[in-house]
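Now for the letters of each chain:
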Amino acid sequence: MNTAAPTEASYTVREMTDADWPLVQAGFAHSFLDCHTPETWAWKFRTHQPQAWRGWVACHPQDGVIAFLGATAQRAQLNGTEATVLHGSDSFSHPRWRNGGKHAPYVQMETAFQAHQRDFAALGLGFGLNRRMKLAFLAGNLQPFQGGTWLQSPVVPGSAQPGCSVQLGITHFEHAEWTALWAQRSQQVRWSLVRDQAFLAWRFDPRQGHTYHCFALRSATEPIPLGYMVWRLSKGTQAVLVDCILPTQPQQVRDAWTQLVHWLGRQGITQVVTYMANACPEQRALRQLGWSGGQSPLPVLPAFTLYSPLHSAQDINQHYALTLADTDLY
């Protein structure tokens, strides 16, 4: 195990190329027991689209890729204006190169990565392990996102039958109706990822490497869906609400939740959790259903980097409608 602080002369930091993917995947597999398949890597990063991802690496002559940071490029609207936002995704440090604090290869590589995105994106955000994020805060590479909270609720199926104002059905986000829903939604959250059909179908496709349970919320009298909820079930009795758009009518929200509670109960779920920005209208709706503040189920912190001078940290913390769909935690 390498215990001495690394020197910058012993490794190089540079932007990643397509040819680096096999080396990155090999380094990732060396650092983590649970590694993606090549198909998952290709789907997550849309490697066939040159402008769909950004990546940087630190390389050593003998150890190969010793640090990697990748992000996917997403469409967003910031105060109603179209923008590119980077979602921090997979990253790693080689076990032999994790010492050095702010001078570690990963931090040096992350610093270079952030410095080179200002002409490409307006904002970068995501979640990361506590220790790594705190190092990024100290190095000035990231700022903590302070505009959201973890929420939790027990799952207590009742005997009452749900109302009929909402119909639940399974969806895979195949159709243009989801883009029509986004056109309505974009008037409520002007600082947000563009959650249109293309994004939802990509983000919750099983080729991401996860199993998602996606529910469409519909009305018998409306052609456009009222909303959706996407869930991931854990190995225990907990489920995570990864993303949602909820109806604007309280009765419809209650009817949808009553139906979901029955479904969750049949799966053996006794507790549900999510992370949601204060700017999301759904946070208020969930609290009205009995959800309350809770602890993070993982040792992670949310953070962001501003690349554009047109916006401020206060703008992001107060207005950006961040959910777990803006990350690859789930």
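Asks: An account of the environment of Val 194 is requested, with residue identities and associated values reported.
Replies: One can find Val 194 in the loop between strand 9 (191–193) and helix 6 (197–203). Val 194 gets classed as buried once you look at its relative accessible area, which sits at 6%. Filtering out sequence-adjacent residues up to four positions away, Val 194 remains in contact with Arg 75, Ala 76, Gln 77, Trp 182 and Phe 199.

Asks: Describe the sheet that holds strand 13 (residues 271–277), with residues and values.
Replies: Reading across the sheet, the seven strands line up as 8-10-11-12-13-7-14 and stay open at both edges, with mixed pairing between neighbours. Either end of the sheet is taken by a strand with one partner, and the two such strands are strand 8 (167–170) and strand 14 (292–293). Direction of pairing for strand 7 (residues 148–154) relative to strand 14: antiparallel, over a ladder of two bridges. Directly across from Gln 152, in strand 14, lies its bridge partner Ser 292. Packing against the sheet, helix 7 (residues 250–266) makes contact with strand 7, strand 8, strand 10 (213–218), strand 11 (227–233), strand 12 (238–245) and strand 13, and its axis sits at approximately 20 degrees to strand 11.

Asks: How would you explain the pairing of strand 4 (residues 81–93) if you had to name every residue and give the values?
Replies: Looking at chain direction, strand 3 (residues 64–78) and strand 4 are connected through eleven bridges and run antiparallel. When the sheet's bridge partners are listed, Arg 75 is paired in strand 4 with Thr 84. Where strand 3 folds back on strand 4, the antiparallel hairpin that results is connected by two residues, among which Asn 79 adopts a positive phi of roughly 55 degrees. Two strands pair when backbone bridges link them, and strand 4 and strand 5 (residues 123–129) are joined in this way by three bridges, in the parallel orientation. Bridging from a neighbouring strand, Leu 86 pairs with Gly 124 of strand 5.

Quick notes on the rules
- The residue numbering used here restarts from 1 in each chain and proceeds along that chain's sequence as written.
- The predicted origin of the model limits local features to residues at a pLDDT of at least 70 and limits the giving and counting of side-chain atom pairs to 80 or more, whereas totals for whole chains, interfaces and linings rest on all residues.
- Excluded from the side-chain calculations are hydrogens and water; all other atoms, namely the structure's heavy atoms, are used.
- Secondary structure counts use DSSP, requiring at least four H or I residues in a row for a helix and at least two E residues in a row for a strand, with both numbered from the N terminus.
- Note on classification: 1.4 Å probe, protein chains only; a residue is buried when its accessible area is under 20% of the maximum for its type, exposed when over 50%, partly exposed between these limits.
- Any two residues whose heavy atoms approach within 4.5 Å at even a single point are treated as in contact.
- DSSP-based pairing: two strands are paired if at least 2 bridges between them are found.
- Angles shown run from 0 to 180 degrees and are taken between the N-to-C directions of axes, each axis being a line fitted to C-alpha atoms and, for helices, limited to the stretch in contact.

Bear in mind that shape data such as this cannot, by itself, settle questions of function.
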